[in-house]
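These are the residues of each chain, in order.
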Amino acid sequence: MTEARTKARSPEHTADDTQRLGIAAALVLAVVAALGVHALLSAPTIQEDAQAELARVIADEDRDVCGQFGLRPGTNAFAACSRELANVRQKQSERDQAAAAGIL
């Protein structure tokens, strides 16, 4: 019975346990730092891709809406329609911002 007590592990951390915890913490910190660096380096590319996607979506919308009125891309009428759609989008954006600020 006495022998079982002496072989039981003491609740205090040993130096080996402390070293393992330190290594684990360092690894976690290294992974977090690597992810942060990756995010910082890829942010411009992600932003450029998002802007290109937005431009594509807007061009598709312009083609669809102006096309419903029989206006073909590359014509002066299509360009005018596209400009007017840009004005509508801008006004809607301003309304959304005003509503978010509590003005509306």
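Bear in mind that the values here come from a model prediction, so they are computed numbers and not experimental data.

(A) Region of interest: the confidence of the model for the protein chain. Summing up the model confidence of the protein chain, the mean pLDDT is 89 and the portion of residues at 70 or higher is 87%. Of all helices and strands in the protein chain, the one with the weakest mean pLDDT is helix α1 (residues 2-7) (54), whereas helix α3 (residues 76-100) scores best (96).

(B) The state of the cysteines, seen in detail. Evaluation of the coordinates by the stated rule reveals one disulfide. Paired by a disulfide, cysteine 66 and cysteine 81 hold their sulfur atoms 2.0 Å apart. On the sign convention where negative is left-handed, the bridge of cysteine 66 and cysteine 81, at about -95° about the S-S bond, is left-handed. Of the two residues, cysteine 66 is situated in helix α2 (residues 15-68) and cysteine 81 in helix α3; the sequence distance between them amounts to 15 residues. For cysteine 81, a relative accessible area of 14% corresponds to the buried category.

Rules used throughout
In this numbering scheme, every chain counts its residues from 1 along its sequence in written order. Since the coordinates come from a predicted model, pLDDT governs what is reported: local features require at least 70, and pairs of side-chain atoms require 80 or more to be given and counted, while whole-chain, interface and lining totals use all residues. Hydrogens and water are ignored here; the side-chain numbers use all heavy atoms of the structure. Confidence scores labelled pLDDT are given residue by residue by the predictor and lie between 0 and 100. Secondary structure follows DSSP: runs of H or I at least 4 residues long count as helices, runs of E at least 2 residues long count as strands, and numbering of each begins at the N terminus. Here, a disulfide means two cysteine sulfur atoms that sit within 2.5 Å of each other. Exposure is judged per residue with a 1.4 Å probe applied to protein chains only, and the accessible area is read against the type maximum: over 50% gives exposed, under 20% gives buried, and values in between give partly exposed.

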